[in-house]
Amino acid sequence: MTVPVLTIDGPSGAGKGTISRLVAKKLGWNYLDSGSIYRSLAIALLQQSVDLTDESTIVKVAETMDLAFECGDELVVKLNGENITAQLGLESTGNTASIVAALPEVRRVLLQKQQDFRQLAGLVADGRDMGTVVFPDAPYKIYLTASAEERARRRYKQLKEKGIDANLSRLTLDIEERDRRDSERATAPLAMAENAFYIDSSNMSIDAVIEEALNLIR
Ligand code: DC
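Residues numbered from 1 in each chain as written. Predicted model: local features only at pLDDT ≥ 70, side-chain atom pairs only at ≥ 80, totals over all residues. Heavy atoms only, no water.

Caption draft 1: Representation of the sheet that holds strand β4 (residues 75-79). Judged by pairing direction, the sheet is antiparallel, and its three strands sit side by side in the order β3-β4-β5 without closing on themselves. A single partner strand is all that each edge strand has here, and the edge strands are β3 (67-71) and β5 (82-83). Bridging between β3 and β4 involves five bridges; their strand directions are antiparallel. Counterpart to Ala 68 in the pairing with β4 is Lys 78. This element, helix α2 (residues 34-47), spans β3, β4 and β5 of the sheet and lies at about 40° to β4. (Pairing = 2+ DSSP bridges. Helix = DSSP H or I, 4+ residues; strand = E, 2+ residues; numbered from the N terminus. Contact = heavy atoms within 4.5 Å. Axes fitted to C-alpha atoms, helices over the stretch in contact; angles between N-to-C directions.)

Caption draft 2: Molecular detail of the site of the ligand. With respect to spatial proximity, 16 residues lie near the ligand, and among them Arg 39, Arg 107, Arg 128, Asp 182 and Arg 185 are the closest. Arg 39 is positioned such that a nitrogen or oxygen atom in its side chain is 2.6 Å from an oxygen atom of the ligand. Here a nitrogen atom of the ligand and a side-chain polar atom of Asp 129 are 3.0 Å apart. Its free accessible area being 440 Å², the ligand has 94% of it covered by the protein chains. At the level of elements, α2, α5 (91-100) and α9 (168-184) are the ones that each hand at least two residues to the shell around the ligand. Ranked by residue count, the leading element in the shell around the ligand is α2, at four residues. Classifying every residue of the shell around the ligand by side-chain character gives four nonpolar, five polar and seven charged. (Near = heavy atom within 4 Å. Polar contact = N/O pair within 3.5 Å; in protein donor to acceptor, adjacent residues only side chain to side chain. Areas by Shrake-Rupley, 256 points an atom, 1.4 Å probe, with all protein chains shown as cover. Nonpolar A, V, L, I, M, F, W, Y, C, P; charged D, E, K, R; others polar.)

Caption draft 3: Molecular detail of the nonpolar core. In this structure, Leu 32, Leu 41, Val 106, Leu 110 and Phe 135 are the most contacted members of the largest nonpolar core, which totals 35 residues. Of all elements in the fold, only α2, α3 (55-64), β4, α5, α6 (104-115), β6 (123-127) and α7 (130-134) reach the threshold of two or more residues within this core. With seven residues, α2 is the largest single contributor of residues to this core. Beyond its immediate sequence surroundings of up to four residues, Leu 32 is in contact with Ile 37, Gln 114, Phe 117, Leu 123, Val 124, Ala 125, Asp 126, Met 130 and Phe 135. Counting residues in hydrophobic clusters, the runner-up holds 17 residues, among them Ile 8, Ile 19, Val 124 and Ala 213. (Core = buried A, V, L, I, M, F, W, Y, C linked by side-chain atoms within 4.5 Å. Buried < 20%, exposed > 50% of the residue type's maximum accessible area, 1.4 Å probe, protein only.)

Have a look at this one:
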C-alpha cells in the first residue's frame, strides 16, 4: 500500500509550517519539516566553523550528522544528542541553510532522510521541492505563497513576540534575497509542481488556508 502524501511547497515565510502542522494533526498524519533538516545541517556547520565554500567537508558533515525529531506538542530536534530546537529559527541559521541547500551533493545526501518520513497513516511534507523532487508521486500537492511584504510583516511580528529586535525593511530584503537564491539554484529550485494547487495566502486567514488544503484531500 502506498502511503499518501500531501506536499506543501513555497517560499520562506508563506505559512507552510503552521499550515502543515495543523493539517497533519487534523488528518492524524506524520509531518516533515524539511527546512529543519537543512537548518540542522547549518547549525552543525556553524558549530564546527566549517568554511561554507568547502563542499567536501559540508557533505561529510551532512552524511554523518545524527538527527532525531521528537514530535510532541512542539517539535524538538536533536543534533548528535544535543537539543538544537532554540537555534533552528534564527535568521543566521536560515540564511546558512539556504546557502548550503544549493549544493547538489548535500541535497542528494539528505534525500533519503526526508523520504524516511513517509509512514502510515500519511505524511504532510513542507519545503521547496517536496512535490517536484522528494515525493514526485504525491497524490496531493499545494504551492503556498504570499507577497514578500506580507511574509516580512509576519516574520517581524513573530520576532517581536519573541522579544527579538527586528527591522522590517531589512527582513523584506533578506526574504527577497532568500527567494532569489532558493529559486535560481540549479538543483531542485523552488518551483511549483505541474500538478500543484496554487494558494496565495496574502489576504487569507490560517483557517481558510487549512480548509482549502483539507478540501483538496476530501
Ligand atoms: O523552510 P525553511 O525556511 O526552514 O528552509 C530553510 C532553507 O532551507 C531555505 O532557505 C532553503 C532550504 N530548503 C531547501 O532547499 N529545500 C527544502 N525542501 C527545504 C528548505
